[in-house]
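# Summary of the model geometry
Residues per chain are reported as follows:
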Amino acid sequence: MRVGPWMMGVFVVLAGCSSGPPPVGGGDGGSGTETDGSTGVSVSGITAEPDDASGGATSGATTVADETSTGPAAPFCGDGNVDPGEECDDANADDFDGCRSDCTAVEILDPPPMEWTYFEIPGTQCLDGSPAGFGVSHNPASTDVMIYLEGGGACFNDSCDFTAFSIPFVPPSDGIFSRSNDANPVKDWTMIYVPYCTGDIHAGDAEQELGGQLRQFRGYSNITRYLEQWVPSFPADRVLLTGISAGGFGAALNTTQVANAYGDGVELTVIDDSGPPLSDDVIAPCLQTLFRDTWNLDGTVLAECPACNPTDFATDYLEHVIANHPNVRFGLFSNTSDAIISTYMGFGWGNGQHDNCEGTPLPVPALTYADDLSAIRADNEPEISTFYVLGLGHTVLRVGYNITFADGTSVPEWIGDVLDGQITHVGP
């Protein structure tokens, strides 16, 4: 089925999962028992030598379970055997190896090489309840994967200031997506593009009525479903998780679940473009409560970080990632007084008063915003990289990617350094 004019079709192969290693004593991976040829007794991982004509076990042998008296164990999901009603059974609870813990198989994706293909994923939802999905440009010769989360506003009150539905679900060809730019450090990587259709900075799992409409905030749970397919479909040695604006926040807030899905053997880098982990000095506590309640962040991001302060969760979540995933490489890009983010966070600055979500929203004061960015750098200088630009601008991974410099360093150069494991701070 072709979806949209740009899509090259969906190529999906149902993957049968490996049954995993044979159970103990299961020579053929079947019932998990062997038959001793001299006695006719079914045994579980035990070799018994007969010591008389009756074929009994020697006095020093381990007790042998005779299935003729106990009967075989009933089959169950997780026993390592594909039983009736199961699509796969690999005897583990890993949902990201092609066989889910409920013994259903994941559809392994096989898109045509180096062509953008869109996949609509069952079980996912956009804000209006329609199915969500993602685009892939697969390079079979690469074991490096970039996951890019698109931006486009947020929906957390009756005004629901969210414009991403007007953005076509078409992967871009500029900035970090350019395959012809030799300066782009990810030009040869497999690229995954996640359109933004949930209005919850890719972090929610909730259903709410706002503005007279029922809204589905499923950004976080959608990514969980995507990971079930990305991990086995595109085996990776390195993963770059990134995004702009709402997608920058989303990349940062999904770090833990992406790291857990890929495991310690995969090198994970996060580049957060213009979604900084601001403190409650900027994201007022009343606004953080509104985000949590609307998008059910307690059931998603904060469930991954039980020690996070619920009214200062962005800053605490970064500290959680640093402490619990020390091998994750984290880079933050921001303009020092980003006008777009300052305006959105102004919903916690009613009438210009901090922690007032009832008055007329006014942008966060520029100096307050800049001071918070400086604090993020100072508090985490040995662990994360930063690239700050003076001004009111917003995002860099698309427009401005190749022409933005600070201290003589370009954004692609900085990203390359972060991918290589260098801790680099650029700009004021």
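Report on the accompanying structure.

What counts as what
Residues numbered from 1 in each chain as written. Predicted model: local features only at pLDDT ≥ 70, side-chain atom pairs only at ≥ 80, totals over all residues. Heavy atoms only, no water. Buried < 20%, exposed > 50% of the residue type's maximum accessible area, 1.4 Å probe, protein only. Helix = DSSP H or I, 4+ residues; strand = E, 2+ residues; numbered from the N terminus. Contact = heavy atoms within 4.5 Å. Pairing = 2+ DSSP bridges. Axes fitted to C-alpha atoms, helices over the stretch in contact; angles between N-to-C directions. 1 Å grid on protein atoms, 1.4 Å probe; cavity = no way out; pocket = protein on both sides within 12 Å on 5 of 7 lines; lining within 4 Å. Points joined across faces, edges and corners; volume = space filled by probe spheres on them. Nonpolar A, V, L, I, M, F, W, Y, C, P; charged D, E, K, R; others polar. Parallel < 35°, antiparallel > 145°, perpendicular 65-115°, else oblique. Left-handed = near helix turned anticlockwise from the far one by under 90°.

The buried fraction of helix α10 (residues 411–419) amounts to seven of the nine residues, a majority that puts the element mostly inside the structure. All buried positions along α10 are accounted for by V411, P412, W414, I415, G416, V418 and L419. Those residues of α10 that are buried lie in contact with β11 (238–244), β12 (267–273), β13 (329–335), β14 (385–389), β16 (409–410) and β17 (425–426). Positive phi appears at G421, one or two residues downstream of α10, with a value of about 90 degrees.

Here helix α3 (residues 246–253) lies mainly inside the structure; eight of its eight residues are buried. Among the residues making up α3, those that are buried are A246, G247, G248, F249, G250, A251, A252 and L253.

What links the strands of a sheet is backbone hydrogen bonding, and the strands pair in either a parallel or an antiparallel sense. Read across the sheet, nine strands follow the order β5-β6-β8-β7-β11-β12-β13-β14-β17 without closing on themselves; strand pairing throughout is mixed. Strand pairing shows two members of the sheet lacking a second neighbour, β5 (117–120) and β17, which therefore form its edges. With five bridges joining them, β12 and β13 adopt parallel strand pairing. In the sheet register, V270 faces β13, and the bridge partner there is F330. Helix α4 (residues 255–262) contacts β7 (144–149), β11 and β12 of the sheet and is inclined by roughly 160 degrees relative to β12.

The subject of this paragraph is the layout of surface pockets. One simple way to see leftover space: roll a probe sized like a water molecule over the atoms. Here the second largest pocket is characterised by a volume of approximately 180 Å³. Around the second largest pocket, the lining is made up of 13 residues, and of these D264, V266, H325, N327 and V328 lie nearest the centre. For the lining of the second largest pocket, the secondary-structure elements that each account for two or more residues are α4 and β12. Take the lining of the second largest pocket: its biggest share by element is three residues, from α4. Split by residue class, the lining of the second largest pocket holds six nonpolar, five polar and two charged.

Quick look at the side chain of N380 now. Along the polypeptide, N380 turns up in helix α9 (residues 366–380). Given the relative accessible area of 9%, N380 is considered buried. Aside from chain neighbours lying at most four places away, what touches N380 is L318 and I322.

In this section: the packing of helix α2 (residues 219–233) against α4. Relative orientation of the contacting elements α2 and α4 amounts to 20 degrees, with a least axis distance of 10 Å. Classified by the angle between their axes, α2 and α4 sit roughly parallel to one another. Where α2 crosses over α4, the two elements pack in a sense that is right-handed. Taken together, the residues of α4 that come into contact with α2 (itself represented by Y220, I223, T224, L227, W230 and V231) are Q257, V258, A261 and Y262. Residues of the contact of α2 with α4, tallied by class, amount to eight nonpolar, two polar and no charged.

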